[in-house]
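So the chains spell out like this:
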Amino acid sequence: MDPSRRPTLDEIEECFVALVEGRLSRDEADRWAARWVADDELEWDDISWWALGLLHGIDLPAGRHAAYLHDDGQLRDWLAELRRRRTV
C-alpha cells in the first residue's frame, strides 16, 4: 500500500486479509483507514467507503477488560461480504 496515494479496493481488501491472517494489528489497520476516512476531499465508491468504515474503529474494545467490540469471526464475515459485494 502506497501511503502517498489513496488505496484501491484491492488494497482495502488486502488490509482485511492481513488482519485475518495476523500480519497487521487492529491498531495499524485502524490508523491506516482513519487517514482515508478523515480526508473530506476524497470521493469513494460505496464498497470502498463501507469497507474503510469497518476498518476505522476495528480496534475498539468491547469494554474495560473485554476483547474487541468486533471479534475475529466478524472480521472473516466482513472479508467474505466484501468479496461478495465485489462480484455483484
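1. Looking at the pattern of salt bridges
Part 1 of the reasoning: Counting across every chain of the model gives nine salt bridges.
Part 2 of the reasoning: When the shortest N-O distance is used, the salt bridge between Asp10 and Arg86 registers 2.6 Å. Taken together, the positions of Asp10 in helix α1 (residues 9-21) and Arg86 in helix α4 (residues 72-87) put the pair 76 residues apart, joining distant regions of the chain.
Part 3 of the reasoning: Between Glu13 and Arg83 there is a salt bridge, with its nearest N and O atoms 2.7 Å apart. Taken together, the residues Glu13 in helix α1 and Arg83 in helix α4 connect sequence positions 70 residues apart.
Part 4 of the reasoning: Taking the relative accessible area as the measure of exposure, Glu13 reaches 13% and is therefore buried.
Part 5 of the reasoning: When salt bridges that share partners are traced, they join Asp10, Glu13, Arg83 and Arg86 into one network.

2. Focus: helix α2 (residues 26-37)
Part 1 of the reasoning: Compared with an ideal rise of 1.5 Å per residue, which puts 12 residues at 16 Å, α2 spans 16 Å between its outermost C-alpha atoms and is within 8% of the ideal.
Part 2 of the reasoning: Among the structural elements, α1, α3 (46-55) and α4 are those in contact with the buried residues of α2.

3. Considering the nonpolar core
Part 1 of the reasoning: Counting residues in hydrophobic clusters, the biggest one holds 22 residues, and the most contacted among them are Ile12, Phe16, Trp32, Leu52 and Leu55.
Part 2 of the reasoning: The residues contacting Leu55, other than those within four sequence positions of it, are Ile12, Cys15, Phe16, Leu19, Ala29, Asp30, Trp32 and Ala33.

4. Some words on the environment of His56
Part 1 of the reasoning: Examined against the element boundaries, His56 turns out to sit in the loop between α3 and α4.
Part 2 of the reasoning: Residues His56 and Glu81, 25 residues apart in the sequence, show an inter-C-alpha distance of 17 Å.
Part 3 of the reasoning: If sequence neighbours within four positions are ignored, His56 has contacts with Asp30, Ala33, Ala34 and Val37.

Here is what the cut-offs are and how they apply
Residues numbered from 1 in each chain as written. Predicted model: local features only at pLDDT ≥ 70, side-chain atom pairs only at ≥ 80, totals over all residues. Heavy atoms only, no water. Salt bridge = Lys/Arg side-chain N within 4 Å of Asp/Glu carboxyl O. Helix = DSSP H or I, 4+ residues; strand = E, 2+ residues; numbered from the N terminus. Buried < 20%, exposed > 50% of the residue type's maximum accessible area, 1.4 Å probe, protein only. Expected span 1.5 Å × (residues − 1). Contact = heavy atoms within 4.5 Å. Core = buried A, V, L, I, M, F, W, Y, C linked by side-chain atoms within 4.5 Å.

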